[in-house]
Amino acid sequence: MFRDQTWLALLIWLSLVGVTIFALTQGRLPLAFVALATLGLSMAPMFVARWAQVHVPPSFMAAIVIFVGGTVFLGEVFDFYERYWWWDIVMHGGSAIGFGLIGFLLVFMMFQGDKFNAPHVAVAFFGACFAIAIGALWEVFEFSMDQLFGFNMQKSGLMDTMGDLIMDAMGALIGAGAGFAYLKGKAYGGVGSVIDEFIRKNPRFFKRWRK
């Protein structure tokens, strides 16, 4: 399970473990909590995928680890959101593109990989909806953390939340649009190879797939 992950994901996880140990020895419980929360959230998809017997490409897992680490740890501990105005845009936009692709793949599974008979627009549309829903759930998570533990993940409240949701929607459209282009045989920027890899590693979900 861990052997299949990229060196970047492993390095981030080891760093979070080191920060947790350091924080506990120094009595800095809030820092230890944030490090452990980041570690748990970033590793959860790996265990869920194993339970569901789905092979997730290491590049996907690395992207998830980077997003969670950048949002929860760097954003809260090192205050990257205040230091760099573009940090929130990169985190939400980049993650939404990834979830748009994931949503596309999940819907594509329903057609067992038959890209000739799958309704291209519908598959891309519901893939985008999946990504937007994940973004909305993340906003609920930020609100819960602020209310329960006194964090400031929402920053300026409504304006921050709406800005995040707008970026989520834009990223979701880009990610789902990449899936649409794949169905049309016009995928660019390595997206097609990522989708092909996921399909090859999970053949039981794509029995009608033809390259």
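Preceding this paragraph is the structure being described.
Note that the structure is predicted; figures quoted are calculated from it, not measured.

**Some thoughts on the overall build of the protein chain**
Argument step 1. For the protein chain, the count of helices and strands is 8 helices and 0 strands.
Argument step 2. The C-alpha atoms of the protein chain give a radius of gyration of 18 Å, which matches the 17 Å a tight globule of 211 residues would have.
Argument step 3. Judged by the C-alpha coordinates and their principal axes, the protein chain covers about 60 × 40 × 25 Å.
Argument step 4. Across the 211 residues in the protein chain, those meeting the buried criterion constitute 43%.
Argument step 5. Residue pairs at least 24 apart in sequence account for 69% of intrachain contacts in the protein chain once pairs closer than 6 positions are excluded.
Argument step 6. Carbon and sulfur atoms make up 71% of the accessible area of the protein chain, which totals about 11500 Å².
Argument step 7. Each charge class in the protein chain was averaged separately, 15 positive and 14 negative side chains, and the resulting centres sit 18 Å apart.

**Some words on the nonpolar core**
Argument step 1. In terms of nonpolar packing, the biggest core is built from 26 residues, with Trp13, Met61, Val72, Phe73 and Met153 touching the most fellow members.
Argument step 2. Elements with a minimum of two residues in this core: α1 (7-25), α2 (29-51), α3 (58-77), α4 (80-83), α5 (87-110) and α6 (120-149).
Argument step 3. Beyond its immediate stretch of four places on either side in the chain, Met153 contacts Thr71, Val72, Glu76, Trp138, Phe141, Glu142, Met145, Asp146 and Asp160.
Argument step 4. Counting residues in hydrophobic clusters, the runner-up holds 19 residues, among them Phe104, Ala118, Ala178 and Leu183.

**Focus: the packing of α1 against α3**
Argument step 1. Two elements in contact, α1 and α3, have axes whose closest approach is 9 Å; the angle formed by their N-to-C orientations is 35°. Here α1 and α3 pass one another in a crossing that is left-handed. Contacts from Leu8, Ala9, Ile12, Trp13, Leu16 and Val19 of α1 reach α3 at Met61, Ala62, Val65, Ile66 and Phe73.
Argument step 2. Its residues placed into classes, the contact of α1 with α3 shows 11 nonpolar, no polar and no charged.

**Some words on α1**
Argument step 1. Spanning 19 residues, α1 covers 27 Å between terminal C-alpha atoms, matching the ideal 27 Å at 1.5 Å per step.
Argument step 2. Of all the positions in α1, only Ala9, Trp13, Leu16, Thr20 and Ala23 are classed as buried. Viewed end-on, α1 has its buried residues packed into an arc of 90°, placing them on one side of the element. Away from its buried face by more than 90 degrees, α1 exposes Trp7, Leu14, Ile21 and Thr25.
Argument step 3. Positive backbone phi, approximately 75°, marks Gly27, located one or two places after α1.

**Quick word on the environment of Gly98**
Argument step 1. Relative to the elements of secondary structure, Gly98 occurs in helix α5.
Argument step 2. Residue classification places Gly98 among the partly exposed positions, given a relative accessible area of 25%.
Argument step 3. In the structure, Gly98 is positioned 61 residues away from Ala37 in sequence and 21 Å away in space, judged by C-alpha atoms.

**Overview of a nonpolar patch on the surface**
Argument step 1. Together, Tyr84, Trp85, Trp86, Ile89 and Val90 line one region of the surface with nonpolar side chains, adding up to about 530 Å² of accessible area.
Argument step 2. One can find Val90 in helix α5.

Thresholds, definitions, all that
Residues numbered from 1 in each chain as written. Predicted model: local features only at pLDDT ≥ 70, side-chain atom pairs only at ≥ 80, totals over all residues. Heavy atoms only, no water. Helix = DSSP H or I, 4+ residues; strand = E, 2+ residues; numbered from the N terminus. Rg over C-alpha atoms; globule rule 2.2 N^0.38 Å. Buried < 20%, exposed > 50% of the residue type's maximum accessible area, 1.4 Å probe, protein only. Contact = heavy atoms within 4.5 Å. Areas by Shrake-Rupley, 256 points an atom, 1.4 Å probe, with all protein chains shown as cover. Lys, Arg positive; Asp, Glu negative; His and termini not counted. Charge placed at Lys NZ, Arg CZ, Asp CG, Glu CD. Core = buried A, V, L, I, M, F, W, Y, C linked by side-chain atoms within 4.5 Å. Axes fitted to C-alpha atoms, helices over the stretch in contact; angles between N-to-C directions. Left-handed = near helix turned anticlockwise from the far one by under 90°. Nonpolar A, V, L, I, M, F, W, Y, C, P; charged D, E, K, R; others polar. Expected span 1.5 Å × (residues − 1). Arc of directions from axis to C-beta. Patch = residues over 30% accessible without salt bridge, like charges linked within 9 Å, V, L, I, M, F, W, Y side chains within 5 Å. Salt bridge = Lys/Arg side-chain N within 4 Å of Asp/Glu carboxyl O.

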